[in-house]
Amino acid sequence: MAAYDFNAPRLFLDIPLHEGARHTLDRAQANYLLSVLRRDAGEPVLVFNGRDGEWRAEIAPTGRKAADLVLRGQTRPQTPAGDLHYLFAPLKAARLDYVAQKAVEMGASLIHPVVTRRTQGDRIKLDKLRANAIEAAEQCGILSLPEIRDAAPLADALAGLAPERLLVFCDEDAPVADPVAALRQAAAATGSGNGTVPLAVVIGPEGGFTPEERTLIGDRPNTVRLSLGPRILRADTAAVAVLALVQAVLGDGRRGA
């Protein structure tokens, strides 16, 4: 039997969750459950708020196109979020949506847009970033939502990182070498052994970092320059590749190892 119920729809509710709680669905949520998914009274819905774990709720119609959700029991307790900061130069709208969703799926605990010399994306809309984060969490069974920070200059974002946080710098000019070995060596240098390493990843804009920005990042202590191989990757592709790599080698992908 599968450990997770993929058949029940899942909704984020920004309310306290507890046994017997009753929540009136807004128009969009009610339309999604009653009209799009054609769910009936008493059918289960999984809900979460990023704080109180996941709960099973039942649909209680209150009209032809309106309904409440009544919480019946907790299905999963809240688990600690990971510790992976994702710093990235904003991209154009459609690719920005994709990157935000994939960062959540890959376990980013913080999403921070950084402004670089060659950033080409439009002004960041934090409400849209948050909506994409919620959608990804709903679809992928994720219990915690990442913190989303407003865009900041690259230098300010780097200065805001704790010194002990290992920064993975995806540098297209780095020598092509084994990225797994590079990550393990960098983690060992922190003295963390096999323990959890606080991580951050920084991805540049479509045109890459300028030489000055590359120097700024590389001069930060506790930073590892990483090549993603002999191919040139688009910024959104590089984001998925490095997040998967970092999680597998140093992050929560190692659970059970």
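Residues numbered from 1 in each chain as written. Predicted model: local features only at pLDDT ≥ 70, side-chain atom pairs only at ≥ 80, totals over all residues. Heavy atoms only, no water.

### Things to note about the overall build of the chain
And step 1. Along its length, the chain carries seven helices and twelve strands.
And step 2. Viewed in the frame of its principal axes, the chain has a C-alpha envelope of about 60 × 40 × 30 Å.
And step 3. Split into buried and exposed, the 257 residues of the chain put 44% on the buried side.
And step 4. Of the contacts formed within the chain by residues at least 6 apart in sequence, a portion of 75% connects residues at least 24 apart.
And step 5. Within the structure as shown, the chain displays about 13200 Å² of accessible surface, and the carbon and sulfur contribution to it stands at 51%.
And step 6. With 30 positive and 31 negative side-chain charges, the chain shows a separation of 3 Å between the mean positions of the two kinds. (Helix = DSSP H or I, 4+ residues; strand = E, 2+ residues; numbered from the N terminus. Buried < 20%, exposed > 50% of the residue type's maximum accessible area, 1.4 Å probe, protein only. Contact = heavy atoms within 4.5 Å. Areas by Shrake-Rupley, 256 points an atom, 1.4 Å probe, with all protein chains shown as cover. Lys, Arg positive; Asp, Glu negative; His and termini not counted. Charge placed at Lys NZ, Arg CZ, Asp CG, Glu CD.)

### A look at helix 7 (residues 235–249)
And step 1. Compared with the 21 Å implied by 1.5 Å per residue over 15 residues, the 21 Å span of helix 7 between its first and last C-alpha is a close match.
And step 2. Looking at helix 7, one finds that the buried residues are Ala235, Asp236, Ala238, Ala239, Val242, Leu243, Leu245, Val246, Gln247 and Val249. (Expected span 1.5 Å × (residues − 1).)

### What about unusual backbone geometry?
And step 1. Positive phi outside glycine occurs at arginine 38, with the angle close to 55°.
And step 2. Of note, arginine 38 is situated in the loop between helix 1 (27–36) and strand 3 (44–48).
And step 3. Positive phi is not limited to glycine here, since asparagine 222 has a value of about 60°.
And step 4. Examined against the element boundaries, asparagine 222 turns out to sit in the loop between helix 6 (211–218) and strand 12 (223–226).
And step 5. Residue classification places asparagine 222 among the partly exposed positions, given a relative accessible area of 23%.

### As for the domain arrangement of the chain
And step 1. Considered domain by domain, the chain is made up of domain 1 (10–76) and domain 2 (84–254).
And step 2. On a C-alpha basis, the centroid separation for the pair domain 1 and domain 2 is 34 Å.
And step 3. Contacts between the two partners involve nine residues from domain 1, matched on the other side by nine residues from domain 2.
And step 4. Summed over both partners, the interface of domain 1 with domain 2 buries about 730 Å², with 59% contributed by carbon and sulfur atoms.
And step 5. The tally of links between domain 1 and domain 2 comes to zero salt bridges.
And step 6. Seen at the junction of domain 1 and domain 2, the total is four residue pairs in polar contact (both at pLDDT 80 or more).
And step 7. Examining the composition of the side of domain 1 that touches domain 2, we find that three residues originate from one element, strand 1 (residues 10–12), more than from any other.
And step 8. Broken down by class, the residue content of the side of domain 1 that touches domain 2 amounts to three nonpolar, two polar and four charged. (Domains from an automatic or database assignment. Buried area = accessible area lost by both parts, 1.4 Å probe. Salt bridge = Lys/Arg side-chain N within 4 Å of Asp/Glu carboxyl O. Polar contact = N/O pair within 3.5 Å; in protein donor to acceptor, adjacent residues only side chain to side chain. Nonpolar A, V, L, I, M, F, W, Y, C, P; charged D, E, K, R; others polar.)

### A few points about the environment of threonine 215
And step 1. Position of threonine 215 among the secondary structure elements: in helix 6.
And step 2. Put simply, threonine 215 and phenylalanine 88 are 127 residues apart on the chain and 17 Å apart in space, counted from C-alpha to C-alpha.

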